[in-house]
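# Structural characterization, general
Below are the chains, spelled out letter by letter.
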2 protein chains.
Amino acid sequence: MTDEEVTQHEAAEPVDELAAVVRERDEYLDALQRLKAEFDNYRKRVARDQQELAARAHERLVRELIPVLDDLERALEAASLHEEAKLEDGVRLVHRGLADLLVREGLVEVPTDGAFDPHSQEALLAQPSEADEGTVIQVLQKGYRLGDRVLRPARVVISQGLSGLETSG
Amino acid sequence: MTDEEVTQHEAAEPVDELAAVVRERDEYLDALQRLKAEFDNYRKRVARDQQELAARAHERLVRELIPVLDDLERALEAASLHEEAKLEDGVRLVHRGLADLLVREGLVEVPTDGAFDPHSQEALLAQPSEADEGTVIQVLQKGYRLGDRVLRPARVVISQGLSGLETSG
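Summary of the structure given here. These numbers come from a predicted model, not from an experiment. (Residues numbered from 1 in each chain as written. Chains lettered and ligands numbered in written order. Predicted model: local features only at pLDDT ≥ 70, side-chain atom pairs only at ≥ 80, totals over all residues. Heavy atoms only, no water.)

## Focus: the packing of aromatic side chains
- A full pass over the atoms with the stated rule returns four aromatic pairs over all chains.
- Aromatic pair A:F39 and B:F39: ring centres 4.4 Å apart, planes at 20°, arrangement stacked. Of this pair, A:F39 sits in helix α2 (residues 12-80) while B:F39 sits in helix α2 (residues 12-80), on two different chains. B:F39 matches A:F39 in its accessibility class, with the two residues each being buried.
- Where A:Y42 meets B:Y42, the ring centres are 5.9 Å apart and the plane angle is 75°; that geometry is what we call edge-to-face. On the criterion of chain membership, the pair formed by A:Y42 in helix α2 and B:Y42 in helix α2 is interchain, its members lying in two chains.
- On the basis of relative accessible area, A:Y42 is assigned to the buried category, the value being 14%.
- Put simply, the rings of A:F39, A:Y42, B:F39 and B:Y42 touch in pairs and so form one group of aromatic residues.
- In this structure, B:R43 is placed above the aromatic ring of B:F39, and the distance from its NZ or CZ to the ring centre is 3.9 Å. (Phe/Tyr/Trp six-rings, centres within 6.5 Å; stacked < 30°, edge-to-face > 60°. Helix = DSSP H or I, 4+ residues; strand = E, 2+ residues; numbered from the N terminus. Buried < 20%, exposed > 50% of the residue type's maximum accessible area, 1.4 Å probe, protein only. Lys NZ or Arg CZ within 6 Å of the ring centre and 35° of its normal.)

Right, here's the structure in full:
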């Protein structure tokens, strides 16, 4: 309607342009408001999802630990009844259960055969030895990693080589 | 500057209005584009964060299980050396370690004193008993919940009451 009116006189072009720009402006404002609302909702959903996700990852693992706890309690029962063989079997069962679970969860033992690796190992001691200098000769505590991350370095003794032997000998 | 010029003639108002609307339109378009970019970045970051978050929740718990595994391995060592007392102590240590960890993680044992609760308990058997009808008289397997969720119902025997006793007697 307004368009038809304005085409009748000279002012037509500017008014037409104004109407077009007003329309554009209103469309952008509308899109902006809708996007803002969408973004807000998204943010809220993400906050909920993240809590949920963390809770679920956690729940799954806790759930898997329940049978380990069961086996452990049965082993304790055997201990209180002085059933040594049953206790020992029970402990083996618990160990296998927990070790398997942790492997499934991605836990990997840090390898300790070969040269000392400062990224995954901690040298607590260096000793003269016939092994090549700088190689691991004893593991005091196992190390573990999960994916790329070292959760605990292996605590090791490394060789000082034969020169160390001669010095101490 | 433009404002001063346009106030001099009749065309002033429409041109002025057009300029203002154009400015508004451009501002909204600009804001819209910036918000779109921000939203996109946010979405990408969220995707990364969620993976990270799940991995971290998981990592923390796996990390806490390593000392339990250590204690278990020491207990196994004691077993292989036939050090029974040490083995038993070791198993107690492992049990306390794992049970404490699970309590810290929010695991709660399903209570079984009192009336049977179908939401957290599973009745495997009903037996005549002097206990009130419908109460739990024996726990065959402990149940656990985490927050609101029952991870495993307690498996129980419930009382049929004295009428049950008379029938069977």
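## Details of the nonpolar core
- Formed by 43 residues in total, the largest nonpolar core has its most connected members in A:L98 and B:L98.
- Mapped by element, the contributors of at least two residues to this core are α2, α3 (84-104) and β4 (144-146) of chain A together with α2, α3 (84-104) and β4 (144-146) of chain B.
- Not counting chain neighbours up to four residues away, the residues in contact with B:L98 comprise A:L65, A:V68, A:L69, A:L72, B:L65 and B:V68.
- Grouped together as the second largest cluster of nonpolar side chains are 10 residues, A:L35, A:Y42, B:L35 and B:F39 included. (Core = buried A, V, L, I, M, F, W, Y, C linked by side-chain atoms within 4.5 Å. Contact = heavy atoms within 4.5 Å.)

## Structural notes on the relation of the copies chain B and chain A
- Laying chain B over chain A is done by rotating through 180° and shifting 0.1 Å along the axis; what remains is an RMSD of 0.8 Å. The transformation relating the two chain copies, once decomposed into turn and shift, fits a two-fold axis. Looking at the rotation axis and the C-alpha trace of chain B, the residue lying nearest is B:R25, at 2.4 Å.
- The share of interface residues of chain B whose copies in chain A are also at the interface is 100%, consistent with both copies meeting through the same surface. (Least-squares fit on C-alpha atoms with pLDDT ≥ 70 in both.)

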